[in-house]
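# Structural overview for review
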Amino acid sequence: MLEQLKLIKQNAINEVETCNDIKELIELRVKYLGKKGPIQEAMKSMKDLDIEERKALGLVSNEVKDAISVAIDAKQGSLEALEVEKKLQSEFIDVSLPARGQNHGHTHLLNQVVEEIEDLFIGMGYDIAEGPEVEYDHYNFEMLNLPKGHPARDMQDSFYITEELLLRTHTSPVQARTMLKHEGKGPVKIICPGKVYRRDDDDATHSHQFMQIEGLVIGENITMSDLKGTLDVFAKKLFGENREIRFRPSFFPFTEPSVEVDVTCAKCKGEGCPMCKDSGYIEILGAGMVHPNVLKMAGFDHNKYQGFAFGIGAERIAILKYGIDDIRQFYTNDMRFNKQFSK
Ligand code: DAH
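Residues numbered from 1 in each chain as written. Predicted model: local features only at pLDDT ≥ 70, side-chain atom pairs only at ≥ 80, totals over all residues. Heavy atoms only, no water.

Now for the pattern of salt bridges. Enumeration according to the criterion identifies 16 salt bridges in this entry. In this structure, D137 engages R153 in a salt bridge whose closest nitrogen and oxygen atoms are separated by 2.8 Å. Here the residue D137 occupies a position in helix α6 (residues 137-140), and R153 occupies one in the loop between α6 and β3 (165-167), the gap between them amounting to 16 residues. Take D137: its relative accessible area is 1%, and that puts it in the buried class. A salt bridge links R153 to E142, with the nearest nitrogen and oxygen atoms 4.0 Å apart. Remark: E142 occurs in the loop between α6 and β3 and R153 occurs in the loop between α6 and β3; sequence separation between them is eleven residues. (Salt bridge = Lys/Arg side-chain N within 4 Å of Asp/Glu carboxyl O. Helix = DSSP H or I, 4+ residues; strand = E, 2+ residues; numbered from the N terminus. Buried < 20%, exposed > 50% of the residue type's maximum accessible area, 1.4 Å probe, protein only.)

Neighbouring residues of the ligand: 16 residues in total, closest H170, Q175, R198, Q212 and E214. Here H170 contributes a side-chain N or O atom positioned 2.9 Å from a nitrogen atom of the ligand. Within the backbone of A309, an N or O atom sits 3.2 Å from an oxygen atom of the ligand. If you list the elements that add at least two residues to the shell around the ligand, you get β5 (209-219), β8 (281-290) and β9 (306-313). Looking at the shell around the ligand, its residues break down into five nonpolar, nine polar and two charged. (Near = heavy atom within 4 Å. Polar contact = N/O pair within 3.5 Å; in protein donor to acceptor, adjacent residues only side chain to side chain. Nonpolar A, V, L, I, M, F, W, Y, C, P; charged D, E, K, R; others polar.)

Moving on, we get to a negative patch on the surface. A cluster of acidic residues, D154, D157, D200, D201, D202 and D203, forms a negative patch at the surface. By secondary structure assignment, the location of D157 is in the loop between α6 and β3. (Patch = residues over 30% accessible without salt bridge, like charges linked within 9 Å, V, L, I, M, F, W, Y side chains within 5 Å. Areas by Shrake-Rupley, 256 points an atom, 1.4 Å probe, with all protein chains shown as cover. Lys, Arg positive; Asp, Glu negative; His and termini not counted. Charge placed at Lys NZ, Arg CZ, Asp CG, Glu CD.)

Attention shifts here to the packing of aromatic side chains. Aromatic rings considered in pairs are described by the distance between their centres and by the relative angle of their planes. Enumeration according to the criterion identifies ten aromatic pairs in this entry. Pairing Y322 with F341 gives two aromatic rings, centres 5.6 Å apart and planes at 75°, and the pair type is edge-to-face. Of this pair, Y322 sits in helix α10 (residues 314-322) while F341 sits in the segment after α11 (335-338), and the two are 19 residues apart along the sequence. Given a relative accessible area of 12%, F341 falls into the buried group. Linked through ring pairs, F121, Y126, F234, F308 and F310 together constitute an aromatic cluster. A cation over an aromatic ring shows up here: K228 above the ring of F247, its NZ or CZ 5.4 Å from the ring centre. The ring of Y281 has R246 sitting right over it, with the charged end atom 4.0 Å from the ring centre. (Phe/Tyr/Trp six-rings, centres within 6.5 Å; stacked < 30°, edge-to-face > 60°. Lys NZ or Arg CZ within 6 Å of the ring centre and 35° of its normal.)

Now for the nonpolar core. The biggest cluster of nonpolar side chains holds 44 residues, and the ones touching the most others in it are I117, F234, I284, L285, F310, I312 and I317. Those elements giving two or more residues to this core turn out to be α5 (109-123), β5, α8 (224-239), β7 (255-264), β8, β9 and α10. It is α5 that provides the largest number of residues to this core, a total of seven residues. Discounting residues that sit within four places of it in the chain, I117 has contacts with I191, I213, F234, L238, I312 and I317. Counting 25 residues, the second largest nonpolar core, distinct from the first, contains L144, V290, A298 and Y305. (Core = buried A, V, L, I, M, F, W, Y, C linked by side-chain atoms within 4.5 Å. Contact = heavy atoms within 4.5 Å.)

As structure tokens, then:
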């Protein structure tokens, strides 16, 4: 009997030693230590033995059970450790591999230019004003001294939505809206950046949607020299200290007198070259002294208050500053173009 138990122990330990699979190991535990295992089987004959023999058999069978159990536990420990090791190997992440660069976004060139202009004017004490892009004819034209049927309306081919509603053709309606808010009391000092729309066929120099930045100052004793000084600072800051501006007489229904403002050509510094069509100057914006009718309509006393206004085309400024040859570049989202201006 004792011999038989020793044999069982030997067999069990051999099998456990050669076992390489946790599932099989569990089966081995059931096979040798379970209720129907060989040890239990051997114990059945116990009842026929005398007490001393029983004791001895009990001792040996416990020892055999312990030995098998210890062997299985040890094997289980090493198989589990092996499994963890395998898992770690298969899930290994090489943190030293170089990263696959992320695509970082950046402010669009046009917005960079608008923000630069905003910062400049904020630095001179201006507030930023905003207005709707879907605008009433009333604010877009009538409040700006362009009554219905006025021939100057043809300067701005418009997208009408109804008889009274249209996509604003310029940012000038924000002048009217802001002045009304001030209820006849100065000073007013705003710039208004925003999108505007015209019924133009898109080409290298035209876009049916573009960006304007409107400026408006109203106060007592505001003169044309204030306008000139302000725009001189603007031109020098944006294009360089040695740039000069000049005023050319022009016409806008909402300003009197009206001017078109040119800046000395960057390429030839005023000498004359193909870029400036030999004039030495390049046009950058329209401006003027706020027309008394516009002041009156918005509730300002035109004998007490004067004002100046200007309208900057943001694309035009960006085109001149960065030597861009096609306005459509701002709107076609060609990443090769956009990426050149990441900061
Ligand atoms: N609104 C004009 C346009 O879109 C630009 C402009 C010119 C605005 C003169 C002004 C101004 O405020 O005084 O063509």
